[in-house]
Amino acid sequence: MSGENSPEKVSMIVFSGDMDKVMAAFIIANGAAAFDMKVTMFFTFWGLKAIQKGNLTGKGPMGKMLGLMNRGGVDAIGPSRLNMGGMGRWMFKKMMKKSGVASLDELRRQAREQGVRFIACEMSCNVMEIGKEDFIEGVEMGGVATFIAEASDSKFSLFI
Amino acid sequence: MSGENSPEKVSMIVFSGDMDKVMAAFIIANGAAAFDMKVTMFFTFWGLKAIQKGNLTGKGPMGKMLGLMNRGGVDAIGPSRLNMGGMGRWMFKKMMKKSGVASLDELRRQAREQGVRFIACEMSCNVMEIGKEDFIEGVEMGGVATFIAEASDSKFSLFI
Amino acid sequence: MSGENSPEKVSMIVFSGDMDKVMAAFIIANGAAAFDMKVTMFFTFWGLKAIQKGNLTGKGPMGKMLGLMNRGGVDAIGPSRLNMGGMGRWMFKKMMKKSGVASLDELRRQAREQGVRFIACEMSCNVMEIGKEDFIEGVEMGGVATFIAEASDSKFSLFI
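This one's a predicted model, so the numbers in the text were calculated from it and none came from an experiment.

> Got a sec to walk through the overall build of chain A? Specific residues and values, please.
Along chain A, the regular secondary structure elements total six helices and five strands. Relative to its full complement of 160 residues, chain A shows a buried share of 59%. Considering only intrachain contacts with a sequence separation of at least 6, the fraction spanning at least 24 residues in chain A is 71%. Within the structure as shown, chain A displays about 6,300 Å² of accessible surface, and the carbon and sulfur contribution to it stands at 52%.

> Explain empty space enclosed by the protein to me, and be specific about the residues and the numbers.
Counting across every chain of the model gives two cavities of 30 Å³ or more. What the largest cavity holds in volume is close to 130 Å³. Lys-21 and Phe-159 of chain A, Lys-21 and Phe-159 of chain B together with Lys-21 of chain C are the residues nearest the centre of the largest cavity, which is lined by 13 residues in total. Taken as a whole, the second largest cavity spans an internal volume of roughly 70 Å³. Phe-45, Met-123, Ser-124 and Val-127 of chain A together with Met-23 of chain B are, among the ten residues lining the second largest cavity, the residues nearest its centre. The biggest single contributor to the lining of the second largest cavity is helix 5 (residues 122-128) of chain A, with four residues. Within the lining of the second largest cavity, the residues separate by chemical class into nine nonpolar, one polar and no charged.

> Could you give an account of helix 6 (residues 144-152) of chain B, naming the residues involved and the relevant values?
Looking at helix 6 of chain B, one finds that the buried residues are Phe-147, Ile-148, Glu-150, Ala-151 and Ser-152 of chain B. As for helix 6 of chain B, its buried residues are in contact with strand 1 (9-14), strand 2 (38-43), strand 3 (117-121) and strand 5 (156-159) of chain B together with helix 1 (19-34) and strand 5 (156-159) of chain C.

> Requested: an account of the state of the cysteines, with residues and values cited.
Residues and elements named next belong to chain B. Per the stated rule, a full pass over the model turns up zero disulfides over all chains. No disulfide involves Cys-121; its nearest neighbouring cysteine sulfur is the one of Cys-125, lying 6.7 Å away. The buried category is assigned to Cys-121, whose relative accessible area is 8%. Of the residues examined, Cys-125 reaches a relative accessible area of 1% and is grouped as buried.

> Go over the side chain of Ser-124 of chain A, please, and point to the residues and values.
All names here are of chain A. Topologically, Ser-124 is positioned in helix 5. Owing to a relative accessible area of 5%, Ser-124 belongs among the buried residues under this scheme. If we skip the residues at most four places from it in the chain, Ser-124 touches Thr-44, Phe-45 and Leu-48.

> Run through the sheet that holds strand 2 (residues 38-43) of chain A, naming residues and quoting values.
All names here are of chain A. Pairing within the open sheet is parallel, and its five strands lie in the order 4-3-2-1-5. The sheet terminates laterally at strand 4 (140-142) and strand 5 (156-159), the two strands that pair on one side only. Adjacent strand axes in the sheet meet at a mean angle of 25° when their direction is disregarded. As defined by bridge partners, strand 1 (residues 9-14) adjoins strand 5 across four bridges and the pair is classed as parallel. Of the residues in strand 5, the one forming a bridge with Val-10 is Phe-156.

How each quantity is defined
- Residues numbered from 1 in each chain as written.
- Chains lettered and ligands numbered in written order.
- Predicted model: local features only at pLDDT ≥ 70, side-chain atom pairs only at ≥ 80, totals over all residues.
- Heavy atoms only, no water.
- Helix = DSSP H or I, 4+ residues; strand = E, 2+ residues; numbered from the N terminus.
- Buried < 20%, exposed > 50% of the residue type's maximum accessible area, 1.4 Å probe, protein only.
- Contact = heavy atoms within 4.5 Å.
- Areas by Shrake-Rupley, 256 points an atom, 1.4 Å probe, with all protein chains shown as cover.
- 1 Å grid on protein atoms, 1.4 Å probe; cavity = no way out; pocket = protein on both sides within 12 Å on 5 of 7 lines; lining within 4 Å.
- Points joined across faces, edges and corners; volume = space filled by probe spheres on them.
- Nonpolar A, V, L, I, M, F, W, Y, C, P; charged D, E, K, R; others polar.
- Disulfide = S-S within 2.5 Å.
- Pairing = 2+ DSSP bridges.
- Axes fitted to C-alpha atoms, helices over the stretch in contact; angles between N-to-C directions.

Here you go:
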């Protein structure tokens, strides 16, 4: 469906809130954007943590529970393994720094600066009782139809 | 490979048996079907739970273990996080109801009614010693070749 | 972007190190290769375990921790569920053998023999302080740009 002169697209559903998977998502997004591809990241369920502003605490009981798991914003997200009360995260971050890998916060900022589009899943936001004001600047709200339209027009689409 | 008049396709491998991921899969399937896309869901490994009829208990020792984790059918599947002995599921379902989000069972029924194709992975069924009679009506049996043929002809494919 | 006579492509990011997901990845890769598709598997993060030579023990502290989780090579990887101190793996392997499903090691060998391309993510290797010498024969090192180029030219791409 892509027109003659329109840029090539990449789309991703970021479902996971684990630090390592979110990091992989931003690294792929930044890589594709560096090739001048138009990247759309659709954040849903636990993935909403990745675009939170500071401390993502919802208003309902589930939102409050999420908040408990979310204290400290994007850089406090633990990896999907080896977390061990924060030690895994600490070592992971230390080793990444040593290896010159950007932090989640930096990767996210790079993505924004390269024009990567961030969409928060409306349905998940309703369930978790969080809203646009809980996200960093530039996040759009959108439904699954928005993702499907983008994915149908993308060179590749990933569920992360 | 899509012909001039054939509908556009979407294909998914549903590998996970976690309630939240299965729900995401059905929501995407229903969204794509609403755009008149032809959707194929290929259920494998733990994802087979999502198309079980009542209580999916296999006949071998592994199948029996799966059965223990599966009591109560599709609506008894827990989310991948926050399950806490069923409490996470209970809260999740309560909040979804409040937000007007359909239950897993309803989402699955909608998918069937919209003509979404459900394929159970033959190899996984053999390993887990479960068969066609363990699944809801309309589930086909198929191999990885079936998935690859559909995915190669799809606008996008996801591994969930 | 595929030329007239070039083979059709499939690409996968293998992020997970869980036995069941790695197995699914190799089964899809072998299936696509059997259709004469050109398959690229890009191993990153925990997925690097799947191409380890024997015991993947990194040199830094995180690498050593990974090594502890990795004793015994590819056939010692546990499934993402039901592991229970190795019992899940043991039962899984026993049932797969009974059902005639190849072991992870055999599936990987088949993939290599069918010309599936294995790429180890350079950035992950740097973070985990592991190198080409830690992998089985034939593994290439590559960056995210390599994956994006392959995925953009693929019939379908999966994040596993």
